[in-house]
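Below, each chain spelled out in residue letters.
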Amino acid sequence: MATDKSPIDRVVLTHIQIPLKEPCPGDGGEAGGKNAIVVTVETSCGVAHGESSPASVSSGGSVEGCWNDLARSIAPSLLGATVDSTRRIAEIASSWRTSRTAAAGAETALWDLLGQAHRATVAQLLGADDAQAVRGVQSGLVMGLYPSVVELLKAIEPHLDEGYRRLKIRIAPGHDVEFVRAVRQHFEDVPLMVDGGGAYTTADLDLFRELDDLDLLMIEQPFAADDVDGLAVLQKALATPICLDETAETHDQTAEAIRRGACRIVSLKIQRTGGLGPARAIHDLCFQQGVACWVGSTPELGLGQAYGVHLATLANSKYPADLEPSARWFVDDYVAPVFELSSPGLFAVPDRPGVGFQVDPQKLRRYQVRQETFSRSTSA
């Protein structure tokens, strides 16, 4: 068991790649491999883990960029550090001048370390709503772009049988109103939202007025991340809530977008915001401003998504999360226990200290691309 005064003696970075079953939404390519970097921090008494999980198309950068940030800057800075509070984690992370995705891998590992030291779950450290933690976290089904309406409907049906609590489909010019209308007609009772992936502009207002009539939960990131004025115009024109994703990468960006009336909902992504602390700060801001939240995903592998389960226990997390079982996207995973639904459409919140999941060393070796170790005994 780690103690508050145990300094970090060792940091291990492990780049892994696990084959995908199908392309992740937004990747725009064929199914290949999911890259992630497992960040392991060790003290004399404890071991903790985080995951840096860049999307292939992401402002967080490529896996190579994340590796360089972690190896050249973040990992060396952790050696000798002690973590006795969430405030201390924020202080350490504030010194990193790196991509937010790289920071998320190390920052989440520190939350795991702190949770183990305090015999508390990450959810408890975050300030979870107790009732929400007991109920568990609702899972929402995410679907990418499909060539035809028929193929999309056929792909959705078997997944909905697994009990997902809402459905999100990706839209793009030429693959929007017709597809959404068909899904709404075919699955009348399923809560439905769409993700525009920033592919539209104010020139498409009439298209969004058509979508406004289809009883949607929300429209996620319809315009480019920096088009706050356009998002505000769109939100004013629609009854359907606009949800921010890329526009809400930082606390300041989110505050400005809310001030300008650009949204009614915000998606929280640990990888995009730079860790649990920044994501919680955005959550708290939204709560104060009467803007609802929910937890998105890149998607990450098992450990990254497990942190999302803890984040989704906060009181203002009002909608099912984009978190899905590892088997939804990946041929395998590296965590134990297996990251899977505890009951139809629901994830149980781990009750073990820290993140509540362990790294399977055999799986880590199987999917390892490279590894680098940093230790106090060998550091200059």
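Use the structure listed above.
So, here is what we can say about the structure in this document. (Residues numbered from 1 in each chain as written. Predicted model: local features only at pLDDT ≥ 70, side-chain atom pairs only at ≥ 80, totals over all residues. Heavy atoms only, no water.)

### Side note on the pairing of strand β10 (residues 265-268)
On a regular strand, one side chain projects to one face of the sheet and the next to the other, so that they alternate. Along β10, one buried face is formed by Ile265 and Ser267 and the opposite face, lined by Val266 and Leu268, is buried too. At this point the chain moves from strand β9 (residues 242-244), through helix α10 (residues 251-259), to the parallel β10, and the crossover so formed is right-handed. When β10 meets strand β11 (residues 292-295), the two strands line up parallel, connected through four bridges. Bridge pairing in β11 links Val266 to Cys293. (Buried < 20%, exposed > 50% of the residue type's maximum accessible area, 1.4 Å probe, protein only. Helix = DSSP H or I, 4+ residues; strand = E, 2+ residues; numbered from the N terminus. Right-handed = clockwise from strand over helix to strand, strands pointing away. Pairing = 2+ DSSP bridges.)

### Concerning the side chain of Ser297
Along the chain, the position of Ser297 falls in the loop between β11 and α13 (302-311). Taking relative accessible area as the criterion, Ser297 reaches 9% and is therefore assigned buried. A distance of 2.6 Å separates a polar atom in the side chain of Ser297 from a polar atom in the side chain of Glu300. With residues near it in sequence (within four places) discarded, Ser297 still touches Lys269, Gln305, Asp322 and Leu323. (Polar contact = N/O pair within 3.5 Å; in protein donor to acceptor, adjacent residues only side chain to side chain. Contact = heavy atoms within 4.5 Å.)

### Things to note about the pattern of salt bridges
On inspection of all chains with the given rule, the structure shows 21 salt bridges. In this structure, Asp245 and Arg272 form a salt bridge, with 2.5 Å as the shortest nitrogen-oxygen distance. Here Asp245, found in the loop between β9 and α10, pairs with Arg272, found in helix α11 (residues 270-273); they are 27 residues apart in sequence, far enough to count as distant. According to the relative accessible area criterion, Arg272 is buried, its value standing at 13%. One salt bridge in this structure joins Glu256 and Arg259, with 2.7 Å as the shortest N-O distance. Of this pair, Glu256 and Arg259 both sit in helix α10, three residues apart, roughly one helical turn. Several salt bridges converge on common partners, so that one network encompasses Arg100, Asp245, Glu246, Glu249, Lys269 and Arg272. (Salt bridge = Lys/Arg side-chain N within 4 Å of Asp/Glu carboxyl O.)

### Section: the packing of α10 against helix α12 (residues 276-289)
Angle between the axes and distance between the axes are the two parameters that describe a pair of packed helices. Viewed as axis vectors pointing N to C, α10 and α12 meet at an angle of 20 degrees, and their least axial separation amounts to 9 Å. By the angle between their axes, α10 is roughly parallel relative to α12. Between α10 and α12 lies a crossing whose hand is right-handed. Contact with α10, carried on its side by His251, Thr254, Ala255 and Ile258, involves Ala281, Ile282, Leu285, Cys286 and Gln289 of α12 and no other residues of that element. Its residues assigned to classes, the contact of α10 with α12 comprises six nonpolar, three polar and no charged. (Axes fitted to C-alpha atoms, helices over the stretch in contact; angles between N-to-C directions. Parallel < 35°, antiparallel > 145°, perpendicular 65-115°, else oblique. Left-handed = near helix turned anticlockwise from the far one by under 90°. Nonpolar A, V, L, I, M, F, W, Y, C, P; charged D, E, K, R; others polar.)

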